[in-house]
Amino acid sequence: MNVPTIVTPELQKRFHVPGRIAALAGGLLLAASAYLPWAYDGDALDNMAFLGGPSTLQFLGALLGLLLAVSAGMAWVEPWADRKGILPRLLMVSRRAGWTRGTKALGVGLLGFIAVVLIAIALELGGLVTIEYGGWVALAGALLGFVGSRLLTPGRAPSLEKVKTPAWLEIVSIAVLLLVALLLAAYALNQNDGGTFLSILAFIGALVAFILRVGAGGWLSAAGQRHRNVLVFSSFAVAFLFPFTQNGSDANMSIATQVLIFAATAVGLNIVVGLAGLLDLGYIAFLGAGAFTAATMSQSAFATIGWKPPFIVVMLIAGLVSATLGLIIGSPTLRVSGDYLAIVTLAFGEIFRISMSNLDGSDGPDLVHGSSGIPAIPNLNLFGFDFGKVHTVLGIPLGRFSNYFFLMLLIMALIVLVFTRLNHSRIGRGWVAIREDEKAAEAMGVNVFGLKLLAFAGGAFLAGLAGAVKAHVDQSVTPDQYIFLESAFLLAAVVLGGMGTVMGVLLGAALLKLVPEKLRFVNEYRMLIFGLLMVLMMRFRPEGMIPNQRRVLEFHSDDEELVEEIEEDLPYEFAEEH
Amino acid sequence: MSSQTPTVASTESRHVGKEEILAARSVTMRFGGLVAVDNVDFTVHSGEIVGLIGPNGAGKTTFFNCLTGLYKPTSGEVRFSGQVLPPKPRSVVVAGMARTFQNIRLFPNMTALENVMVGRYCRTSAMALTSILRGPKYRREEEATRARAVELLDYVGMKGQGGHLARNLPYGDQRRLEIARALATDPKLLLLDEPTAGMNPQETRQAEELIFKIRDSGLAIVVIEHDMRFIFNLCDRVLCLVRGKTLIEGTAAEVQSDPRVIEAYIGSPDSDDEASGSDVATEGEAGNA
Ligand SMILES: Nc1ncnc2c1ncn2[C@@H]1O[C@H](COP(=O)(O)OP(=O)(O)O)[C@@H](O)[C@H]1O
Ligand SMILES: [Mg+2]
């Protein structure tokens, strides 16, 4: 990234001590301001009008402020590391952290957080005058912290991942982090106020940026590598716990289930785009094919197929129908390269939607009742478990959407399993080779066409499975749910999140689906905002938020330093011995 | 790496099988009006080393591409172990013919080890379901693939380098890695396109030693080279192409002493300095022999 630098290295050399003091003072000032009123009226955000009692958001701000102060002050504490005792030993670890880098990141994040909060107050109450003096103090603190952190010299690169930590500590850290993530997500989702929701997002953003820049991200990912199973298992456990935090609220669970369906589909698409490197602009059609298949075989009075097999069978059939469509589209087109495939899949998505609209009895056989689709799809009943009923577990009511949430979680687990196992296998190696140099891969005996077709049809199969569930969640299936825009959003989730990684796509999908649901403002301008977001990402971080290492290399092939760094970080499975 | 010094004597004492492994009959390749390969006949017996020489633009690489299925020859046929090969690179590799490229074509963002493991692709069988379920058979195959790749890296003299990205390797290692990747496909015939091009003298010597070692393991090899000393030391037979046509084919000694070969190199308008340079070296060598 080459953002123009206003603060030159010479300036940093001269002013790094005052800078450090400023950052420290700014952080403390901000923390103190949490006890002052930020807004004139309690209606803005989560009631910040009190003197002496911080609201949750103010508390979060104070937390960031303290963190900034500590991070900036570490440079003065570190010399203690040379003495004997427990504390100095802990400090030795801190020497491996990139405190200055973290301070800089937090300086930006903190300013962003305060800006979001203040703008939200002003918008919600009507004008900047509604901001109380505490708000201005907070802004002053944030500005001071920001300017101070800019003046620091960049300092050493973090090497926390080299710290030897006991296994229990790593496992506990992973679990705690995921639990915190769960609580934050639950808290954010429960906010009906757009400003509060956005402020919490800004808080999370600032915190994550700090953690990554300090180097704890490296340590965490190393720990995650070492305890892969723990990480995967506890991620799913945390996701499984999510409905229990919602107290039976259907509104949030409905969103969460939609997010999960979207995310599962996006991970499926990531097999095609991220792993095999095929640009598919009509992926939503495979989700649609699954949904229509399941709808026509459902118990709905409008279903057109008389055969009603159990849902497991329906789901398999839905997957197979999608996969067959994938084979039909893929066989002739995968032999030609790149752009042609994008155009053909784009057209295929439209052909699918229009075909469905025409299967209405007048233009074609009455299979799906044309554009009105198949309504009144009843809830699933799997092995006597009624998805339409509220089940109370441990005193917590779990409604209809929670039930589907659990089902989707299982399908998500399946898709993630397929993704990761294929990625790290003979087939995954073949896909990388094809992405790197298709001709050479072919000349080395890699079955290029077969592997592309496998990704294409396999991805379609997984989308078909998700579609079958979606039909029951939505209770009706119509062609206009499967427009090109949805394909574009799926692709955006993959590209924004990170091609070739599960985590990235989950994040991308959650952001793309969640933010518009929670913010009406964003929903109105979502095309504009996402367009802008895409342009910015392509300019500054084309590999996505949580990228696949190899993708980073592909996008930054000229950055020698980065290449060396990544080579050192390559996961163990690429090394010779293990 | 073995440090035996190659000699002409060792070439002659080697057992060369009678069995025809590769037979190309009147292969012609046209690009529009240009006839890049013109009616070339070419045979390789099992265990034999054949050199392919000729000035730049003579059609050597194009001929390789015809043999390995990258190009479909305009006319003529290529038989491998008696079978006519379909002009598909993959079938050619599966049949047992592997190649390297004149301009290195590794997978740059894969590690050295992964590059070699990709070479094992056509000799392994794990498909989607097996890879997802990861039964004992799958694990065994992956283990074997990895072990073979490590062994091959060791064989070409890159022990311990497996974790480096291919793009970060020194030039000489990249060429060696390409050979290791080709060997990973368990070929019966190895086609090397200018394996020492662009190398410094030390790297060139190491590459030559490696090729001698592969020769001694009994693989049939066809090698394109401009270094005549190397070609005449190594090869049982030499084919000289000029403007797509066979100029002469014979034993190293026959080709070496043929005045037309020297003339082709010096007299050819599109031969470059490197080619004529090595040609001068040849004259010196010829005088010594
Ligand atoms: N794909 C192609 N299209 C058109 N002309 C080609 C192509 N490949 C090679 N040629 C031409 O064929 C001739 C032989 O090239 P090449 O086989 O690369 O020579 P060599 O390897 O002997 O130096 C050259 O004149 C070259 O320009
Ligand atoms: Mg050539």
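Residues numbered from 1 in each chain as written. Chains lettered and ligands numbered in written order. Predicted model: local features only at pLDDT ≥ 70, side-chain atom pairs only at ≥ 80, totals over all residues. Heavy atoms only, no water.

## Let's talk about the pattern of salt bridges
Piece 1. This structure, assessed with the given rule, holds 21 salt bridges over all chains.
Piece 2. For R353 of chain A, the salt bridge goes to E350 of chain A, with nearest N and O atoms at 2.7 Å. Of this pair, R353 of chain A and E350 of chain A both sit in helix α13 (residues 339–358), three residues apart, which is roughly one turn of that helix.
Piece 3. With relative accessibility at 26%, the residue E350 of chain A sits in the partly exposed group.
Piece 4. E77 of chain B is the partner of R79 of chain B in a salt bridge, and the nearest nitrogen-oxygen pair spans 2.8 Å. (Salt bridge = Lys/Arg side-chain N within 4 Å of Asp/Glu carboxyl O. Helix = DSSP H or I, 4+ residues; strand = E, 2+ residues; numbered from the N terminus. Buried < 20%, exposed > 50% of the residue type's maximum accessible area, 1.4 Å probe, protein only.)

## Remarks on the coordination of the magnesium ion (ligand 2)
All names here are of chain B.
Piece 1. Around the magnesium ion (ligand 2), the protein contributes the donor atoms T61 (OG1) and Q102 (OE1), which lie 2.0 Å from the metal centre. Separated by 41 residues along the polypeptide, T61 in helix α2 (residues 60–67) and Q102 in the loop between β6 (97–99) and α4 (112–119) bring together distant segments of the chain.
Piece 2. Take Q102: its relative accessible area is 30%, and that puts it in the partly exposed class. (Donors = N, O, S within 2.8 Å, 3.2 Å for Na, K, Ca; no water.)

## Looking at the domain arrangement of chain A
All names here are of chain A.
Piece 1. When the domains of chain A are assigned, the result is domain 1 (9–241) and domain 2 (250–375 + 400–547).
Piece 2. Contact with domain 1, which involves 14 residues of that partner, is made by twelve residues of domain 2.
Piece 3. Of the roughly 1100 Å² buried between domain 1 and domain 2, counting both surfaces, carbon and sulfur atoms make up 77%.
Piece 4. Area buried by domain 1 at its contact with domain 2 is led by L189, F197 and F236, which between them contribute 49% of it.
Piece 5. Our count for the contact surface shared by domain 1 and domain 2 stands at zero salt bridges.
Piece 6. Summed over the shared surface of domain 1 and domain 2, the result is zero residue pairs in polar contact (both at pLDDT 80 or more).
Piece 7. Per-element accounting of the side of domain 1 that touches domain 2 gives the leading share, five residues, to helix α9 (residues 228–241).
Piece 8. Residues of the side of domain 1 that touches domain 2, tallied by class, amount to eight nonpolar, five polar and one charged. (Domains from an automatic or database assignment. Contact = heavy atoms within 4.5 Å. Buried area = accessible area lost by both parts, 1.4 Å probe. Polar contact = N/O pair within 3.5 Å; in protein donor to acceptor, adjacent residues only side chain to side chain. Nonpolar A, V, L, I, M, F, W, Y, C, P; charged D, E, K, R; others polar.)

## Quick word on the site of ligand 1
Residue and element names in this part refer to chain B.
Piece 1. In the neighbourhood of ligand 1, the contacting residues comprise F31, L34, A36, N56, G57, A58, G59, K60, T61, T62 and Y71.
Piece 2. Between ligand 1 and G59 there is a distance of 3.0 Å, counted from an oxygen atom to a backbone nitrogen or oxygen.
Piece 3. One nitrogen or oxygen atom from the side chain of Y71 is found 3.1 Å from a nitrogen atom belonging to ligand 1.
Piece 4. Protein chains shield 62% of the accessible area of ligand 1, which is 560 Å² for the free molecule.
Piece 5. For the shell around ligand 1, the secondary structure elements donating two or more residues are β2 (34–45) and α2.
Piece 6. Top element by residues in the shell around ligand 1 is α2. It accounts for three residues.
Piece 7. Here the shell around ligand 1 is built from residues that sort into five nonpolar, five polar and one charged. (Near = heavy atom within 4 Å. Areas by Shrake-Rupley, 256 points an atom, 1.4 Å probe, with all protein chains shown as cover.)

## Some details on the domain arrangement of chain B
All names here are of chain B.
Piece 1. You can read the domains of chain B as domain 1 (1–96 + 188–289) and domain 2 (106–186).
Piece 2. Listed per partner, the contact involves 21 residues of domain 1 and 14 residues of domain 2.
Piece 3. A buried area of about 1400 Å², summed over both sides, lies between domain 1 and domain 2, and 65% of it is on carbon and sulfur atoms.
Piece 4. Together, V93, L210 and K213 form the three largest contributors to the area buried by domain 1 at its contact with domain 2, with a combined 26%.
Piece 5. For the interface between domain 1 and domain 2, the tally reads zero salt bridges.
Piece 6. In this assembly, domain 1 and domain 2 are joined by seven residue pairs in polar contact (both at pLDDT 80 or more).
Piece 7. For the side of domain 1 that touches domain 2, the secondary-structure elements that each account for two or more residues are α3 (89–95), β7 (189–193) and α8 (201–216).
Piece 8. Here the element with the most residues in the side of domain 1 that touches domain 2 is α8; it accounts for five residues.

## Structural notes on the sheet that holds strand β4 (residues 75–80) of chain B
All names here are of chain B.
Piece 1. With respect to topology, four strands assemble into an open sheet ordered β2-β1-β4-β5, the strand pairing being antiparallel. Looking at the sheet topology across the chains shown, the edges are occupied by β2 and β5 (83–84).
Piece 2. Looking at chain direction, β4 and β5 are connected through two bridges and run antiparallel. Residue pairing across strands places F80 opposite Q83, the latter belonging to β5.
Piece 3. Strands in contact with α2 are β1 (20–31), β2 and β4; relative to β1, the strand with the most contacts, it is inclined by about 120°. (Pairing = 2+ DSSP bridges. Axes fitted to C-alpha atoms, helices over the stretch in contact; angles between N-to-C directions.)

## Concerning the pairing of β2 of chain B
For a regular strand, the rule is simple: side chains alternate between the two faces of the sheet.
Residue and element names in this part refer to chain B.
Piece 1. Relative to β2, β1 runs antiparallel, the two being bridged by eight bridges. Bridge pairing links V27 to V40 in β2.
Piece 2. Linkage of β1 to β2, two consecutive antiparallel strands, is achieved through a turn of two residues, within which G32 is found at a positive phi near 60°.

## A closer look at the interface of chain A and chain B
Piece 1. Listed as interface residues are 39 residues of chain A and, on the opposing side, 49 residues of chain B.
Piece 2. Here chain A and chain B share an interface that buries about 3900 Å² over both sides, 57% of which is from carbon and sulfur atoms.
Piece 3. The tally of links from chain A across to chain B stands at two salt bridges.
Piece 4. A salt bridge links E142 of chain B to R429 of chain A; its shortest N-O distance comes to 3.0 Å.

## Regarding unusual backbone geometry
All names here are of chain B.
Piece 1. For R134, which is not a glycine, the phi torsion comes out positive at approximately 55°.
Piece 2. Mapping R134 onto the fold places it in the loop between α5 (128–133) and α6 (136–155).
Piece 3. A positive phi is found at D186, a non-glycine position, where the angle reads about 50°.
Piece 4. As for its placement among the helices and strands, D186 is situated in the loop between α7 (171–183) and β7.

## Thoughts on the packing of helix α7 (residues 194–214) of chain A against helix α19 (residues 502–518) of chain A
All names here are of chain A.
Piece 1. As a packed pair, α7 and α19 sit with axes 9 Å apart at the nearest point and diverge in direction by 150°. Looking at the two axes, α7 sits roughly antiparallel to α19. Between α7 and α19, the residues in contact are G194, F197 and L201 and L514, V515 and K518, respectively.
Piece 2. Split into classes, the residues belonging to the contact of α7 with α19 amount to four nonpolar, one polar and one charged. (Parallel < 35°, antiparallel > 145°, perpendicular 65-115°, else oblique.)

## Considerations on a nonpolar patch on the surface
Piece 1. The grouping of I305, W307, I312, V313, L367 and F383 of chain A at the surface amounts to a nonpolar patch, some 600 Å² of accessible area in total.
Piece 2. Residue position: L367 of chain A is located in the loop between α13 and β1 (381–382). (Patch = residues over 30% accessible without salt bridge, like charges linked within 9 Å, V, L, I, M, F, W, Y side chains within 5 Å.)

## A closer look at the environment of G218 of chain A
All names here are of chain A.
Piece 1. With respect to the helices, strands and loops of the structure, G218 is situated in helix α8 (residues 216–226).
Piece 2. G218 sits in the partly exposed class, given a relative accessible area of 25%.
Piece 3. Once the C-alpha coordinates of G218 and S159 are considered, the two residues, 59 residues apart in sequence, prove to be 7.7 Å apart.

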